[in-house]
Amino acid sequence: MKCAFSKQCGGCRWIETSYPETLHKKRKQVMKLFPEQNVEMVLGMEDPFHYRHKVYASFHRKKDGHLTAGMYREGTHRVISTDDCLIQNETANAIIRDFTKIADAMNLTAYHEDTGTGVLRHLYIRVSHADGSVLLVIVIGQKVLPGSKKLVGQLVRMHPEIRTVIVNRNNRKTSMVLGDRETVVYGPGYIFDEIEGIRFRISSGSFFQVNPVQTQVLYRTALDLAELKSTDTVLDLCCGIGTITLLAAKQANHVTGVEVVPQAIQDAKGNAKHNGIQNVSFCCDDIARYLSEHEVTENVVIADPPRAGLGKAVTHALGQSGVDRIVYISCNPVTQRSDTEILKSYGYVINRLIPVDMFCYTDHVETVVLMSKVKE
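Given the structure is predicted, the values throughout are model-derived calculations rather than measurements. (Residues numbered from 1 in each chain as written. Predicted model: local features only at pLDDT ≥ 70, side-chain atom pairs only at ≥ 80, totals over all residues. Heavy atoms only, no water.)

> Please explain the overall build of the protein chain as it appears in this structure.
Across its full length, the protein chain carries 10 helices and 16 strands. For 376 residues, the compact-globule estimate of 2.2 N^0.38 gives 21 Å, and the C-alpha radius of gyration of the protein chain, at 22 Å, lies within 12% of that figure. Counting only C-alpha atoms and orienting by the principal axes, one finds that the protein chain spans roughly 70 × 45 × 35 Å. Within the protein chain, buried positions represent 54% of all 376 residues. Counting contacts in the protein chain only where the partners sit at least 6 residues apart, residues at least 24 apart contribute 66% of the total. Per element, the accessible surface of the protein chain, about 16,900 Å² overall, is 51% carbon and sulfur. (Helix = DSSP H or I, 4+ residues; strand = E, 2+ residues; numbered from the N terminus. Rg over C-alpha atoms; globule rule 2.2 N^0.38 Å. Buried < 20%, exposed > 50% of the residue type's maximum accessible area, 1.4 Å probe, protein only. Contact = heavy atoms within 4.5 Å. Areas by Shrake-Rupley, 256 points an atom, 1.4 Å probe, with all protein chains shown as cover.)

> Which parts of the structure should I look at to understand the state of the cysteines?
Joining two cysteines, a disulfide is a covalent bond between their sulfur atoms. Considering all chains together, one arrives at zero disulfides under this definition. Cys 238 provides the cysteine sulfur closest to Cys 239, a residue in no disulfide bond, and the two sulfurs are 8.2 Å apart. Of the residues examined, Cys 239 reaches a relative accessible area of 3% and is grouped as buried. As a non-bridged cysteine, Cys 284 has Cys 283 as the owner of its nearest cysteine sulfur, 7.1 Å distant. Accessibility expressed as a relative area gives 38% for Cys 284, which makes it partly exposed. (Disulfide = S-S within 2.5 Å.)

> In this structure, what is going on with the packing of helix H3 (residues 90–105) against helix H4 (residues 148–158)? I would like to understand it.
What describes two packed helices is the angle between their axes and the distance between those same axes. Put simply, H3 and H4 touch, their axes get as near as 10 Å, and they point 145° apart. For the pair H3 and H4, the crossing hand works out as right-handed. Of the residues in H4, those in contact with Ile 95, Asp 98, Phe 99, Ile 102 and Ala 103 of H3 are Leu 151, Gln 154, Leu 155 and Met 158. Of the residues that constitute the contact of H3 with H4, the class distribution is seven nonpolar, one polar and one charged. (Axes fitted to C-alpha atoms, helices over the stretch in contact; angles between N-to-C directions. Left-handed = near helix turned anticlockwise from the far one by under 90°. Nonpolar A, V, L, I, M, F, W, Y, C, P; charged D, E, K, R; others polar.)

> Before we go on, may I ask you to explain a negative patch on the surface in this structure?
Taken together, the side chains of Glu 46, Asp 47, Asp 84 and Glu 90 make up a negatively charged region of the molecular surface. In this fold, Glu 90 is placed in helix H3. (Patch = residues over 30% accessible without salt bridge, like charges linked within 9 Å, V, L, I, M, F, W, Y side chains within 5 Å. Salt bridge = Lys/Arg side-chain N within 4 Å of Asp/Glu carboxyl O. Lys, Arg positive; Asp, Glu negative; His and termini not counted. Charge placed at Lys NZ, Arg CZ, Asp CG, Glu CD.)

> Any chance you could explain the environment of Glu 16 here in plain terms?
By the element assignment, Glu 16 lies in the loop between helix H1 (6–9) and helix H2 (19–33). Sequence separation of Glu 16 and His 316 is 300 residues, and the distance between their C-alpha atoms is 43 Å.

> Even after reading the chapter, I still don't get the environment of Ser 292, so can you show me in this structure?
Relative to the helices and strands, Ser 292 resides in helix H8 (residues 287–293). Residue classification places Ser 292 among the exposed residues on the basis of a relative accessible area of 60%. For Ser 292 and Val 314, which are 22 residues apart along the polypeptide, the C-alpha to C-alpha distance reads 8.7 Å.

Structure, rendered in structure tokens:
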């Protein structure tokens, strides 16, 4: 399938390559990092298009004076106007188009990062895979969004699937999309999505995977590798809003989730309560500090860290804990490789390594590793 912008934005640089070939290339990438391991086949999608249910767009005023929205050209902050992205959710694409038309007709200005002038900076859209409901965040560079009632009213009439709208203020010189001040202007301020029958509340700051179809594949793969029994206790590191924690709790005796972001822990506790899951507990703390202050009594650890990986302090602490088995989910196999090498020095071995294609037509791949402690 052709995309006129793939060579410019870099968001789907492999879009013109056959999908099976992209999976082959990703497996080869992982094999180079783990040459001594049996890297299993990449778990791909049946339909690898329009999979991104978390979408960002930035604004720009074209030479002809009209407002446009799209993605940044790779390596720059120059906006590329895109009418339809082949990897973004189609509802999100339509909302971006219609929002831009309404805002243009209202003569709303695009924010200019260098001068700090203008209003509209970004749109952030999250679409629930479970029911199609939409959370929309309008990021502005000024204190006020002029005509916000009119803008939101028209957009919601065109797209009744929009269940909540938030105005977020971000006038800092930063690559971060969201600022730390926001106001809910329509709806409750959150939507719900679902994984394996468990409902998760998603607010503007919640971490929830981009690709909902493959998220279920990723988490089910991790839990299958963990082989949890009703007698097992689990420590879930970097638990976010409690996705893996609550899924694991369906099989294990008890699961403890640890996360450094206070809002995520608040959401995790709310998700446990909402789903009536009681055999879990959550702790808001830095992972390294938590492990230095708490003895690991659990026999299984599941970890899903950010791209930087677990890091030396955490990995050494896990190695010293002697936990029976570790399931390590990674969005960056390079840092996962470094972390697993440290764990090997404590007597752990990699039993299985399974790549999962979360970002189709890109060069990114997630990997799930099962490690177990060698019994002396």
